[in-house]
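Residue-level structure breakdown
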Amino acid sequence: AAGSFPPPAGRGPSRGPAMDLFGDLRRMNKRQLYYQVLNFAMIVSSALMIWKGLIVITGSESPIVVVLSGSMEPAFHRGDLLFLTNFHDDPIRAGEIVVFKVEGRDIPIVHRVIKIHEKENGNIKFLTKGDNNEVDDRGLYKEGQNWLEKKDVVGRARGFLPYVGMVTIIMNDYPKFKYALLAVMGAYVLLKRES
Amino acid sequence: QWKIDDKPVKIDKWDGSAVKNSLDDSAKKVLLEKYKYVENFRLIDGRLIICTISCLFAIVALIWDYLHPFPESKPVLAFCVVSYPLHMFIFLVAHRKDPAGMDPDDVWQLSSSLKRFDDKYTLKLTFISGKTKQQREAEFTKSIAKFFDNNGTLVMEAYEPEVSKLHDSLALERKTK
């Protein structure tokens, strides 16, 4: 251990663990401070670019969705994660599971196509129904709308992971938890100095 | 006696990364304040700029997609998504070009290592002559207990001589060659 040295004069009040968070920041020069912020921005940007990249590759505006209800049991359960694609040339056939949005509503719905009308030029009108529902989805469509069209489709299910989506459901049901988690993660990245 | 920022550096002695950072910073200060060298910010600034540009690509993608919703934004999105990871490749190229050393100045490089949960700190000083482009290095490995007291304060009286010894051994070699 180092030899004795004079006790510190005028060091000020002792700091608790909370103040040490900013101790690292205080010792930084302008460049290092900017690097901390940049580091945070890079992490956010990377996540964003991965998501946008998935959107471009799959052609779907929401390539990963969470099943919110039990209307497709036993195929899908609440909390399952679905992976979608929305390729322009994919034909939609009866029996396939599609994710669609009703005009004017934000929340996508995951149901099965049960009826299709198709014209020669490829335009289609189709009807959907949840496997676990008694009736078809006409009650969910817009006032006066009896059929869905290609433009309403967010994508078709290509794969799924069970249960993983429960985290999203919990975070939406308890938004304070979500903000708290994001705040802690953000603070950690911003304040902890990278070597 | 000179001190960093006129105040002794006090960190949590059990926090490995804080220990390493304070030793690294102090070694740098010795070179900058005692030997009056000037820090070369070129490489660091270059990285900062490249990363900032990458973030700009991400911001452009975000805003464009918001104003012109997908699928109209597809080409712009695709461009940004592909451009964003380029910063990683630019770093590789820059790193390989750097040792070419195009300045006539002498270059001193510091590097260090401190393994997780270990107490052995290694500081390596490299001297690259501006004229001959030859490289010489010196290093020491010491326990961090030699430099910090029980409260986690860095004792410069113990650390600074070690750093100076490294520097002087390389500077002396230069004169005798």
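For every chain, the first residue of its written sequence is number 1, and the numbers climb from 1 along that sequence. For naming, the first written chain is A and the first written ligand is 1, with later ones following in the order written. Since the coordinates come from a predicted model, pLDDT governs what is reported: local features require at least 70, and pairs of side-chain atoms require 80 or more to be given and counted, while whole-chain, interface and lining totals use all residues. To get the side-chain values, take all heavy atoms of the structure and skip hydrogens and water.

1. With respect to the overall build of chain B
As a reminder, the rule being used: Secondary structure elements follow DSSP: runs of H or I no shorter than four residues count as helices, runs of E no shorter than two count as strands, and numbering proceeds from the N terminus. The cut-offs for exposure are 20% and 50% of the maximum accessible area for each residue type, with area from a 1.4 Å probe on protein chains only; residues under the lower value are buried, those over the upper are exposed, and the others partly exposed. Whether two residues are in contact is decided by their heavy atoms, any of which lying within 4.5 Å being enough. The Shrake-Rupley method, run with a 1.4 Å probe, gives the accessible areas here. Residue values count only the displayed protein chains as cover.
The number of helices and strands found in chain B is five helices and three strands. Its helices and strands taken in sequence order, chain B reads α-α-α-α-β-β-β-α from the N to the C terminus. Expressed as a percentage of the 177 residues in chain B, the buried residues total 37%. The contacts of chain B with a sequence gap of at least 6 include a subset with a gap of at least 24, amounting to 55%. A total of about 11100 Å² of accessible surface is found on chain B, and carbon and sulfur atoms cover 62% of it.

2. Remarks on the interface of chain B and chain A
We count it as follows: A quick way to say it: buried area is the sum, across both parts, of accessible area lost when two parts are put together, with a 1.4 Å probe. Within this document, salt bridges are pairs made up of a side-chain nitrogen of Lys or Arg and a carboxyl oxygen of Asp or Glu, the two lying within 4 Å of each other. Pairing of N or O atoms within 3.5 Å defines a polar contact, subject to two protein rules: one partner must be a possible hydrogen donor and the other a possible acceptor, and residues neighboring in sequence count only if both atoms are side-chain atoms. The nonpolar class holds Ala, Val, Leu, Ile, Met, Phe, Trp, Tyr, Cys and Pro. Asp, Glu, Lys and Arg form the charged class, and all remaining residues, Gly among them, are polar.
Listed as interface residues are 34 residues of chain B and, on the opposing side, 26 residues of chain A. Summed over both partners, the interface of chain B with chain A comes to about 2800 Å²; 63% of that surface belongs to carbon and sulfur atoms. On the chain B side of the interface with chain A, the three residues burying the most area are B:Leu48, B:Phe70 and B:Tyr84, jointly 20% of the side's total. B:Asp65 is the partner of A:Lys52 in a salt bridge, and the nearest nitrogen-oxygen pair spans 2.8 Å. Put simply, chain B and chain A have six residue pairs in polar contact (both at pLDDT 80 or more) between them. Looking at the side of chain B that touches chain A, the elements that each hand over two or more residues are helix 1 (16-34), helix 2 (42-67) and helix 3 (74-83) of chain B. Looking at the side of chain B that touches chain A, its residues break down into 20 nonpolar, six polar and eight charged.

3. Remarks on the packing of aromatic side chains
All names here are of chain A. Heads up, the condition is: Side-chain rings of Phe, Tyr and Trp (the six-membered ring for Trp) are treated as a pair once their centres are within 6.5 Å; stacked means planes under 30 degrees apart, edge-to-face means over 60, and tilted covers the remaining angles.
For the coordinates displayed, the defined rule picks out eight aromatic pairs over all chains. Ring plane angle 85° and centroid distance 6.2 Å describe the contact between Phe 100 and Tyr 141, whose orientation is recorded as edge-to-face. Linking Phe 100 in strand 3 (residues 97-100) with Tyr 141 in the loop between strand 5 (124-129) and strand 6 (148-149), this pair joins segments that are 41 residues apart in sequence. For Phe 100, a relative accessible area of 0% corresponds to the buried category. Given the relative accessible area of 5%, Tyr 141 is considered buried.

4. Regarding the UniProt feature "domain: Peptidase S24/S26A/S26B/S26C" (unreviewed entry) in chain A
What counts here: UniProt positions are given in the numbering used here, feature names are shortened, and annotations may be inferred rather than shown by experiment.
Mapped onto the present numbering, the UniProt feature "domain: Peptidase S24/S26A/S26B/S26C" (unreviewed entry) falls at residues 56-142 of chain A. The distance separating the terminal C-alpha atoms of residues 56-142 of chain A is 29 Å; by composition the span is 3% helix and 32% strand.

5. Observations concerning the nonpolar core
Heads up, the condition is: Here, nonpolar core refers to any group of buried Ala, Val, Leu, Ile, Met, Phe, Trp, Tyr and Cys residues whose side-chain atoms link them within 4.5 Å.
Formed by 27 residues in total, the largest nonpolar core has its most connected members in B:Leu23, B:Tyr121, B:Leu123, B:Phe148, B:Leu154 and B:Tyr159. Put simply, the parts of the chain that give this core at least two residues each are helix 1, strand 1 (107-114), strand 2 (120-128), strand 3 (135-143) and helix 5 (156-176) of chain B. If we ignore the near neighbours within four places in the chain, the residues touching B:Leu123 are B:Ala27, B:Leu110, B:Ser111, B:Ser112, B:Ala138, B:Glu139, B:Phe140, B:Tyr159, B:Val163 and B:Leu166. The next biggest cluster of nonpolar side chains, apart from the first, holds 17 residues, and it includes A:Val56, B:Ile50, B:Ala61 and B:Cys80.

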